[in-house]
Amino acid sequence: MPTALIAEDEPLLAAQLTSRLFDAWPELRIVGKAGNGDEALALAAEHRPDIAFLDIRMPVKSGLDVARELDGTCHIVFVTAYDEYAVTAFDEGAVDYVLKPPSPERIAKVVARLKSRLAAAPLDLSGLLARLAARGGPPRPLKWIRASLGASMRVIAVDDVVYFQAEDKYTKVATADGEALIRKSIKELYEELDHDAFWQIHRGTIVNLQAIGRVDRDWRDQPVIVLKAREEKLTVSRTFAHRFKAM
């Protein structure tokens, strides 16, 4: 029975990846889940997994750091929120990747490739890892926002934002204790945010995953987000509903 380790610092995404893998590959046994790079290395030493799913951006040590230390001991699959980074970095075919949030289609392709590779020794990734390290990794996400609050200006930490929502020519910034406006489109904003922490759930709405209290279902079986710190509920459109399918 093949075994795997998952290293992902966001519990919601780790749970979703686990669920997708179970659907696509029921025989695969998850022997450990790590929340940072050091935990991943410790679990890998303890369980000797056949496969390691590594989030590229993790606390303590990144997925690239962990892959460098595990190189040759198991098959590596990188997990990343950055589509362009993933495609350009891994187009050599020497390593697989999963985009966040993991889709059933991508997981199916990765599983098929892994099954075909398990009988062989893990590939030498030293050259690829060196090139990725030289690139400097994905862009740094937005940390602060300057927003209008009436006639005044307010500086808001992105981590304090509950959700962003398009409103005419502006975007509303909703926090636990109030609202403000910025002159930036949802599309532009999403490109600058950390995709590990913020998900687009509607054409005009982006939510902070840490602000989600629970996910209910409406009469159409569509996801509805209940927030921890605000009374209103957020609707998830059909386009983005697959992100919450495993919840």
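Check the entry above for the structure.
Residues numbered from 1 in each chain as written. Predicted model: local features only at pLDDT ≥ 70, side-chain atom pairs only at ≥ 80, totals over all residues. Heavy atoms only, no water.

A.B. asks: Is there a simple way to think about the packing of aromatic side chains in this case?
C.D. replies: Geometry of an aromatic ring pair is reported as the spacing of the ring centres plus the angle between the planes. The tally for this structure, following the rule as stated, stands at 2 aromatic pairs. Taking 5.9 Å as the distance between ring centres and 50° as the angle between the ring planes, the aromatic pair formed by Phe-164 and Phe-198 counts as tilted. Residue Phe-164 is found in strand β8 (residues 161-167), and its partner Phe-198 is found in strand β11 (residues 198-202); the two are separated by 34 residues along the sequence. Centroid distance Trp-199 to Phe-244: 5.5 Å. Interplanar angle 70°. Geometry classified as edge-to-face. Separated by 45 residues along the polypeptide, Trp-199 in strand β11 and Phe-244 in the segment after β15 (233-235) bring together distant segments of the chain. (Phe/Tyr/Trp six-rings, centres within 6.5 Å; stacked < 30°, edge-to-face > 60°. Helix = DSSP H or I, 4+ residues; strand = E, 2+ residues; numbered from the N terminus.)

A.B. asks: Whenever I open this one, the nonpolar core confuses me. Can you help?
C.D. replies: Counting 23 residues, the largest nonpolar core has Leu-54, Val-66, Leu-70, Ile-76 and Phe-78 as its most contacted members. Beyond its immediate chain neighbours, meaning those up to four positions away, Leu-54 contacts Ala-7, Gly-63, Val-66, Ala-67, Ile-76, Val-77, Phe-78 and Val-79. (Core = buried A, V, L, I, M, F, W, Y, C linked by side-chain atoms within 4.5 Å. Buried < 20%, exposed > 50% of the residue type's maximum accessible area, 1.4 Å probe, protein only. Contact = heavy atoms within 4.5 Å.)

A.B. asks: Looking at this model, I keep getting lost on the sheet that holds strand β2 (residues 29-34). Mind explaining?
C.D. replies: In any sheet, the strands associate via hydrogen bonds between backbone groups, in a parallel or an antiparallel arrangement. As summarised here, the arrangement of the 5 strands in space is β2-β1-β3-β4-β5, forming an open sheet in which the pairing is parallel. Looking along the sheet, the strands with just one partner apiece sit at the ends: β2 and β5 (96-99). With strand direction ignored, the average angle separating the axes of adjacent strands in the sheet is 20°. Two elements, strand β4 (residues 75-80) and β5, share 4 bridges in a ladder whose sense is parallel. Within the sheet, the bridge partner assigned to Val-77 lies in β5 and is Asp-96. Across the sheet, helix α5 (residues 104-117) is in contact with β3 (51-55), β4 and β5; its angle to β5 comes to roughly 160°. (Pairing = 2+ DSSP bridges. Axes fitted to C-alpha atoms, helices over the stretch in contact; angles between N-to-C directions.)

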